[in-house]
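Report on the structure
These are the residues of each chain, in order.
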6 protein chains.
Amino acid sequence: MPLKPIEHADAAPEVRAVYDDIKATRNVPDVNNFWKMTAHHPPTLRRTWESLKEVMAPGALDPLVKEMIFVAVSVTNGCDYCIRSHEAAARRAGMTDAQFGELMAVIGMANETNRLAKGYQVEIDEALK
Amino acid sequence: MPLKPIEHADAAPEVRAVYDDIKATRNVPDVNNFWKMTAHHPPTLRRTWESLKEVMAPGALDPLVKEMIFVAVSVTNGCDYCIRSHEAAARRAGMTDAQFGELMAVIGMANETNRLAKGYQVEIDEALK
Amino acid sequence: MPLKPIEHADAAPEVRAVYDDIKATRNVPDVNNFWKMTAHHPPTLRRTWESLKEVMAPGALDPLVKEMIFVAVSVTNGCDYCIRSHEAAARRAGMTDAQFGELMAVIGMANETNRLAKGYQVEIDEALK
Amino acid sequence: MPLKPIEHADAAPEVRAVYDDIKATRNVPDVNNFWKMTAHHPPTLRRTWESLKEVMAPGALDPLVKEMIFVAVSVTNGCDYCIRSHEAAARRAGMTDAQFGELMAVIGMANETNRLAKGYQVEIDEALK
Amino acid sequence: MPLKPIEHADAAPEVRAVYDDIKATRNVPDVNNFWKMTAHHPPTLRRTWESLKEVMAPGALDPLVKEMIFVAVSVTNGCDYCIRSHEAAARRAGMTDAQFGELMAVIGMANETNRLAKGYQVEIDEALK
Amino acid sequence: MPLKPIEHADAAPEVRAVYDDIKATRNVPDVNNFWKMTAHHPPTLRRTWESLKEVMAPGALDPLVKEMIFVAVSVTNGCDYCIRSHEAAARRAGMTDAQFGELMAVIGMANETNRLAKGYQVEIDEALK
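Since the structure is predicted, the reported quantities are computational estimates derived from the model, not experimental observations.

Our focus in this paragraph is the relation of the copies chain B and chain F. When chain B is fitted to chain F, the best match, at an RMSD of 0.0 Å, comes from turning it 180° and sliding it 0.0 Å along the axis. A rotation of that kind, with that shift, is consistent with a two-fold axis. Closest approach to the rotation axis among the C-alpha atoms of chain B is made by Ser51(B), whose C-alpha sits 4.4 Å away. With an isologous cut-off of 70% or more, the 100% of interface residues of chain B that recur at the interface of chain F puts this contact in the isologous class.

Dropping the structure here:
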């Protein structure tokens, strides 16, 4: 009963156009399942791709840092698909094993101290106001 | 009725020792409220500080990247105290306005696509297994 | 080692009574695994069913809207079982593909803007106080 | 130290253009603080507004349903600003007190049963696969 | 514009009956704001109170343990109101400062290791299947 | 492509030392996958184990209560691995079926009322300030 991924051969022209832009932009032979599923609602496919392309492009932050931030959010939200696909993207962007290890360590400590700050109901310091 | 921050003057020796190490390590005149609250349980204060000192030290990732990852987790968890204190730490580590803007944009997109991946129940791609 | 679903034939009378009420109320041949698992604690089974029956009944909001709200919460919490079972319930209540697509799009944007509002620490507008 | 909202009079032309479009689209005298804060990163302001305008427009779901879905996500994420601003938007779109009461009740039950499904590690039913 | 708490003197008879039962059950002079707000939807007030009364009653777990579990959930969800009211309830049930300190420490570590388990995509051990 | 668990035979001496301490402390024949994965970053393995050993030791709270708090956090975060491993640990520490049932019921109610408190934007009571 769940929806199935829409392959390029079966896609409407507006969907194919997005797939083709993803493939050209990322230099990959096929788009991954995330795009083949959001393709069930073409406006969401198009808007999400255009937004992601803009946001993840090199800018004041380099692509590796952006992918690691993406992993940090995905781990905190507990999204397995997102963790795997963005860990893969971070590795393609050059993330080393040592960097991955430190990324995980920071994510872990941030989640721990976030809860301690809430649990102790810490007031904002004057210097931070 | 809630607990109050424990100031240096009122702290037990084991707590003062941690405060002093934080001040020396970070070169700050006083510790912030997070430490003054966790000080109500000295083993938690000591362990959290030692862990954080180790995890946030320069390594395979530089301190600015680590602070931005911390902000990404804190925003996703919705911890106001943590957002403010680690945004401040990131700015002290050199984060520019443009970098902050891109950090927020990536956090926003990651949270959106995390939910789309879940909502569409996207299967892991063969290439990611 | 994990618990197994309790089937009707193996259930205590108080559990069977709840199963029978669920089947009669929803006009289904069997209850789903959620009920067969919470049946391990009969007071939780009974209370949860009675609460859900009351809350999800037609009222000021129609059942389709209620099921879509249920999906929005389940996606945001990342509960796969809940997403699938309530997407199915929403479709049985008449949700079209176009409605599902817009539901996902709204959930995605809400999650993105929730994090932007937190990240920028937006103050409540005077008009909203 | 935190950022301040950027008022129309102090805004760059590209920011003013977005503010003006928000005011015209929603028929309001001023934009709220969410926009005045994201304006610190004009590409985020523009992209977020264009996305939100597209997603929240009447379509297969009417605006009231969309705003209630937005509230459901915001409550589940615990974003106070978002809860208040989208509850207000839902009321402007016609939400009655009775509808608000049922919305809250469904959000509450969904969060409870999401956790029960996780806690009991409920397996997906054959009929849902 | 937000809703205001409904005081006993202004409450409908069905609401007063719930308030009176809360006061008698807990031996308190007044109900707290949580009940005065959910009273805007009397079925939610009644159902939530009856459920909570049943769930939090002494049983296989004693009331102090139940309140500490409530705090653990509330901290993890980041609900300030809930943290404060259930920390107060736990203290009334006998929680010592040392127990509160350990409660916070466990909550912190659980949140850290939850994220590490996700981040490393740890597979379920054979012995746990 | 994902990382694989590191078995004792393949582990570096510093990793083996941690494995051996876990096995001795818990009196188990092998460490579980959580440790075999975090072993990819030995400082995280060592630090996490030392912290967990300290935090979960008997103290003002007994080990069963600590494991139930761990389960409450894990269910709320939706971490399947953590739910299973800490439910197993709680059962080893003596948790009965009735206690597990009440634990789940409290977790469920806490999550429901957390959202109602947020959704109704309940103000902190004077008595709690």
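Let us keep going from here.
Attention now goes to helix 4 (residues 63-77) of chain E. All names here are of chain E. Between its first and last C-alpha atoms helix 4 spans 21 Å; for 15 residues at 1.5 Å apiece the expected length is 21 Å, and the two agree. In terms of burial, helix 4 is largely enclosed, as 14 of its 15 residues are buried. Trailing helix 4 by a residue or two, Gly 78 shows a phi angle of about 70°, which is positive.

On to the relation of the copies chain B and chain A, then. With an RMSD of 0.0 Å, chain B superimposes on chain A once it is rotated by 180° and translated 0.0 Å along the axis. Looking at chain B, 100% of its interface residues are interface residues in chain A too, so the copies touch through the same face.

Our next topic: the interface of chain B and chain A. The interface is formed by 59 residues belonging to chain B together with 59 residues belonging to chain A. Buried area between chain B and chain A, summed over both chains or domains, comes out near 5,300 Å², and the portion from carbon and sulfur atoms is 73%. The interface formed by chain B and chain A holds four salt bridges in total. Salt-bridge contacts for Lys66(B) lead to Glu102(A); the nearest nitrogen and oxygen are separated by 3.0 Å. Across the contact surface, chain B and chain A share 24 residue pairs in polar contact (both at pLDDT 80 or more).

In this numbering, the UniProt entry assigns the feature "domain: Carboxymuconolactone decarboxylase-like" (unreviewed entry) to residues 44-118 of chain A. The span residues 44-118 of chain A shows a helical share of 84% and a strand share of 0%, and its end C-alpha atoms are spaced 35 Å apart.

What follows deals with the domain arrangement of chain A. Residues and elements named next belong to chain A. Assigned domains of chain A: these are domain 1 (1-57) and domain 2 (59-129). Taking only C-alpha atoms, the centre of domain 1 and the centre of domain 2 are 26 Å apart. Each side of the interface is counted separately: domain 1 has seven residues, and domain 2 has five residues. At the junction of domain 1 with domain 2, the criterion picks out zero salt bridges. Across the domain 1-domain 2 interface, the total number found is five residue pairs in polar contact (both at pLDDT 80 or more). Every element with two or more residues in the side of domain 1 that touches domain 2 is listed here: helix 2 (33-38) and helix 3 (42-56). Sorting elements by how many residues they give to the side of domain 1 that touches domain 2 places helix 3 first, with three residues.

So, on to the packing of aromatic side chains. Counted by the stated rule, this structure contains 18 aromatic pairs over all chains. Judged by centre distance (4.9 Å) and plane angle (85°), the rings of Phe34(B) and Trp35(B) are edge-to-face. For Phe34(B), a relative accessible area of 6% corresponds to the buried category. Assessed through its relative accessible area of 2%, Trp35(B) is described here as buried. Put simply, the rings of Phe34(A), Trp35(A) and Trp49(A) pair up and form one aromatic cluster. Note that Arg91(C) overlies the ring of Phe100(C), its terminal NZ or CZ placed 4.9 Å from the centroid.

Quick look at unusual backbone geometry now. Of note in this structure, Asn27(D) is not a glycine but carries a positive phi near 55°. Mapped onto the elements of the fold, Asn27(D) is located in the loop between helix 1 (13-26) and helix 2 (33-38). You can call Asn27(D) exposed: its relative accessible area is 71%. The residue Gln121(E) is not glycine, and still its phi comes out positive at about 50°.

Reading the values: the criteria
Residues numbered from 1 in each chain as written. Chains lettered and ligands numbered in written order. Predicted model: local features only at pLDDT ≥ 70, side-chain atom pairs only at ≥ 80, totals over all residues. Heavy atoms only, no water. Least-squares fit on C-alpha atoms with pLDDT ≥ 70 in both. Contact = heavy atoms within 4.5 Å. Helix = DSSP H or I, 4+ residues; strand = E, 2+ residues; numbered from the N terminus. Expected span 1.5 Å × (residues − 1). Buried < 20%, exposed > 50% of the residue type's maximum accessible area, 1.4 Å probe, protein only. Buried area = accessible area lost by both parts, 1.4 Å probe. Salt bridge = Lys/Arg side-chain N within 4 Å of Asp/Glu carboxyl O. Polar contact = N/O pair within 3.5 Å; in protein donor to acceptor, adjacent residues only side chain to side chain. UniProt positions renumbered as here; feature names shortened; annotations may be inferred. Domains from an automatic or database assignment. Phe/Tyr/Trp six-rings, centres within 6.5 Å; stacked < 30°, edge-to-face > 60°. Lys NZ or Arg CZ within 6 Å of the ring centre and 35° of its normal.

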